[in-house]
Every structure is written in structure tokens, then in C-alpha cells.
Amino acid sequence: MKSILAFIIVFGLVVFVHEFGHFFVAKKAGILVREFSIGMGPKLIQWRPGQTTYTIRWLPLGGYVRLAGPDEQSEIDPGTAVVLELNEAGIVTRIDASESDLPIEGRPLRVTKADLVDDLTIAGYENGDESQLVTYKVDHDATMIDDTGTELQIAPRDVQLPAAKPWKKLATSFAGPFMNVVLGFVVLTIYSFASVGPATTTVGQVAANSPAQHVLQKGDQIVAINGRKISTFDQVSQAIDSSKGKTLTVKVKRQGSEKSVQLTPKYSKKTKSYLVGIVAKADNSFSAKLKRGWDLSWQVTGMIFQALGNLFKHFSLNKLSGPVGIYSETSKATSMGLTYMLAFVGMLSINLGIVNLIPIPGLDGGKLFLELIELLRGKPIPEEHETVVDLIGVVFLLILIIAVTGNDIYRYFIK
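An unreviewed UniProt entry lists the chain under the name Zinc metalloprotease, with Lactobacillus delbrueckii subsp. bulgaricus given as the organism. Its UniProt record gives the chain the following Subcellular location (unreviewed entry) comment, quoted word for word: "Membrane". Under Cofactor (unreviewed entry), UniProt gives the following word-for-word description of the chain: "Zn(2+)".

Caption draft 1: Spotlight on the domain arrangement of the chain. Annotation of the chain at the domain level lists domain 1 (1-30 + 161-196 + 283-414), domain 2 (78-153) and domain 3 (198-281). Between the C-alpha centres of domain 2 and domain 3 there is a distance of 79 Å.

Caption draft 2: Structural detail: the nonpolar core. With 19 residues, the main nonpolar core has L216, I222, I225, V236, V250, L263 and I278 as its most contacted residues. Every element with two or more residues in this core is listed here: strand 10 (221-225), helix 3 (233-242), strand 12 (248-254), strand 13 (257-263) and strand 16 (278-282). If you tally residues by element for this core, the top one is helix 3, at 4 residues. When near neighbours in sequence (up to four residues on either side) are disregarded, I225 contacts I230, V236, A239, L248, T249 and V250. The next biggest cluster of nonpolar side chains, apart from the first, holds 17 residues, and it includes V92, V111, I122 and V138.

Caption draft 3: Just the UniProt feature "transmembrane region" (unreviewed entry) in the chain, in detail. Within the UniProt annotation, "transmembrane region" (unreviewed entry) is assigned to residues 6-25, 338-360 and 391-410. Counted over residues 6-25, helix gives 100% and strand 0%. Its end C-alpha atoms are 29 Å apart. Here residues 391-410 is 100% helix and 0% strand, with 29 Å between the C-alpha atoms at its ends.

Caption draft 4: Expanded view of the environment of Q46. Within the secondary structure, Q46 is located in strand 1 (residues 33-47). Since its relative accessible area comes to 30%, Q46 is described here as partly exposed. Separated by 171 residues in the primary sequence, Q46 and Q217 place their C-alpha atoms 65 Å from one another. Residue contacts for Q46: discarding those within four places in its chain leaves T53, Y54, T55, G149, T150 and E151. From its side chain, Q46 meets the backbone oxygen of G149 in a polar contact 3.3 Å long. Among the polar contacts made by the side chain of Q46, one reaches the main-chain amide nitrogen of E151 at a distance of 3.3 Å.

What counts and how
Residues numbered from 1 in each chain as written. Predicted model: local features only at pLDDT ≥ 70, side-chain atom pairs only at ≥ 80, totals over all residues. Heavy atoms only, no water. UniProt positions renumbered as here; feature names shortened; annotations may be inferred. Domains from an automatic or database assignment. Core = buried A, V, L, I, M, F, W, Y, C linked by side-chain atoms within 4.5 Å. Buried < 20%, exposed > 50% of the residue type's maximum accessible area, 1.4 Å probe, protein only. Helix = DSSP H or I, 4+ residues; strand = E, 2+ residues; numbered from the N terminus. Contact = heavy atoms within 4.5 Å. Polar contact = N/O pair within 3.5 Å; in protein donor to acceptor, adjacent residues only side chain to side chain.

Structure representation (C-alpha cells):
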């Protein structure tokens with residue numbers, strides 16, 4: 001149960017931040033965000049403080065934003081029974097198309113034609129009287145209750161995504177992955193502050209009965225090994241392990257003066273590496289932890305780009321993970337404690353952000369690629385062409401997700 005809860009929180013957080021990036025920039029760009037949902041599946045509750053309807057849904061996994069566009073146009077089929085709410089000027093401000101038992105108060109209408117995109121009109125027969133066709137003007141910011149009971153603002157063409165300037169569309173598509181990378185940097189910085197400070201080249205502790213016991217002292221600063229200057233403790237570890245047991249000449253700074261000592265590493269069966277028995281002194285200063293968090297974030301970013309490059313060179317499903325794989329890794333991180341969980345969240349978020357930038361239709365990178373083409377050619381890509389590309393991308397991603405999920409189930413639960 002603990003692992004399931006951790007997975008819901010981790011996966012939900014990175015997806016929520018991703019969608020919030022799209023939401024925030026779209027609002028600033030004048031693109032209508034019809035719905036911002038936390039969770040998936042059937043609606044639990046909804047509220048609408050402004051133009052956007054906020055919903056919480058039953059399945060607590062991530063969320064989504066519904067941007068106004070060709071796929072998000074409010075449509076009413078002829079013959080649908082609706083109830084219209086009018087303002088004092090006789091303009092429609094609210095349409096109940098849910099055909100529920102609890103309609104809004106207003107005028108019942110059997111629709112013959114509705115245009116909620118360009119003309120903003122709705123026509124039909126009122127109160128069952130088919131002898132006279134009536135037409136009402138619909139307010140630009142009117143709302144409509146759909147068959148699920150969700151009330152959303154209608155999507156006139158001027159607030160739809162295709163109507164926005166190319167650079168605004170680019171910014172909206174880029175915002176989701178960007179926010180994931182930002183979240184990763186923030187979380188990895190928090191991880192750095194929650195952990196012991198970075199190791200320095202100063203000896204903090206010498207183990208008893210170790211090669212260093214009578215050679216090094218607490219407070220010694222390692223300056224060089226075998227004539228090679230040392231600036232990080234990682235270099236110390238690498239020099240010791242690569243010695244293969246050969247004696248090392250170690251130059252240290254002790255009480256203001258430098259001296260050279262001889263040190264012979266011993267092989268540890270437990271760690272399967274050569275050791276001398278020293279523990280580095282940690283630097284717990286604010287600046288050191290901040291720098292380590294920043295450096296670690298860039299290291300993770302570089303590793304992900306490198307992994308993607310290797311994936312394209314030598315493709316294998318074992319190099320990919322879907323929800324099952326993420327759940328398994330989340331479970332492992334949870335069992336190792338809070339700091340490991342923070343590191344995992346940071347790496348996962350950066351990974352999600354970078355992967356989403358791959359120019360594959362169906363991902364944000366695919367949208368960015370098409371929007372960049374639109375920007376360069378100075379006119380929109382024909383809608384039918386874009387639809388075909390998106391459809392191909394969705395089918396490809398669906399097949400890939402099924403394959404990856406099946407492979408994850410085999411790797412983590414069967415093999």
C-alpha cells in the first residue's frame with residue numbers, strides 16, 4: 001500500500017507540473033483552457049472561478065488540460081434537447097445539453113442548428129412548438145453543460161489554439177517539458193540540502209586497523225596522489241581503486257605545511273574495490289550544497305541525453321520503462337528513504353521533460369516540430385495534414401506503450 005501511494009504521489013506530481021506548464025503559458029497567450037483536471041476518469045467534483053473549469057477525478061494519476069481547438073469545439077447535434085439561460089439582453093449565457101433530470105432554469109429548445117465557433121448562434125423549436133423557428137445569439141463567454149455534467153466554456157475560434165500566433169503556440173507546447181526540467185532541478189537541489197554535504201579532500205575520519213591508520217590523520221587535506229593534483233574526493237577514490245593494491249605517494253597539507261606519505265590500499269571483498277580506510281569531511285555550507293544540487297541536475301540531464309542517444313543507436317525495450325517500470329523503481333526508492341525518493345523524483349521529472357521534447361507526433365516535441373515549420377513557412381499547416389500526422393503518432397505511441405508495459409511486466413514480475 002505504501003508503494004502504491006508513493007507511485008500515485010510521484011507520478012501525479014510530475015504529470016501535474018507538466019500540465020500546469022501548458023496551462024499557465026496558454027492562459028498568458030490568450031488561448032482558452034477549457035478544463036484543468038487533477039486525476040483521470042469519472043469526475044468527482046468541479047468548480048469554475050473563471051473561464052477555466054477545474055475538476056478532480058476519481059483516478060488519482062496525473063491530470064490533463066483541455067485547450068480550445070478543433071478537437072475541443074462545443075458541438076450540439078440537431079435534435080438535441082437543451083435548456084437555455086439568457087441574460088437581460090436575451091443573449092444565451094448558459095446551455096444545458098446534459099439532458100439530465102436537474103436542468104438549469106431557462107427556455108427549453110429542440111436544436112436544429114448550432115454554431116458555437118464562428119456565428120455564435122443556436123436555433124431550434126422552443127417549448128415543442130415546431131410552427132416557428134427561433135434563433136438566439138450566444139455570448140462569446142457562454143458555458144455549456146455536456147452529457148457528463150461538466151460545465152465548460154464554449155470555444156469560439158478566436159480563443160482556439162490554432163488562432164494563436166506561432167510563437168505563442170511554441171511557448172505553450174514547450175512549457176510542459178520545461179516545467180518538468182525546472183521541477184527536477186528544484187527537487188535535486190532539495191535532495192542535496194536534505195543529504196550530508198558534499199565530500200571534500202580533507203580527511204574527516206580514519207578507520208582503525210586500516211592502511212591509513214598510522215599514515216593519515218583527521219584534518220589532513222589531500223593535495224596530490226602520485227604527483228597528480230587532487231581537487232575532489234571522487235578523484236581520491238578513483239586513484240585508490242585504480243591502484244590495484246600498489247603503493248601510492250600521497251601529498252597532504254597538515255597544520256599549514258605539506259608532506260608526502262606512502263599508502264598501500266587493500267582489497268575489500270565486501271565492496272569489491274580497493275580502500276585505505278578514510279572518510280572524507282563533509283562540507284555542509286549553504287553554497288556547497290547549492291552547487292552540488294545544481295551540478296547534479298546538469299549531470300542527470302547529460303546522462304539522459306546520452307541514454308537517449310544510445311537508445312536510438314541500439315534500440316531495446318529494456319532501455320524503456322512505462323508505468324509498471326516507474327512503479328517498480330518508485331517502490332525501490334521508497335524503501336530506501338526520503339532522500340533517495342527525492343533523488344528519484346528529480347531524475348524522473350527531468351527524464352519526462354526531455355523525452356517529451358523528442359520530435360515524435362503525439363509528444364510535445366512533435367507539436368513543437370510542426371509549430372516550428374509553421375513559423376518558418378509563415379502560414380499554418382493544413383489541418384487535415386496535421387490530423388494525419390497526429391493520428392500516426394498516437395498509433396505509434398500506443399503500440400510502443402503496450403510493448404513497453406508488457407516487457408516491464410515480464411522483467412519485474414515474471415522473469
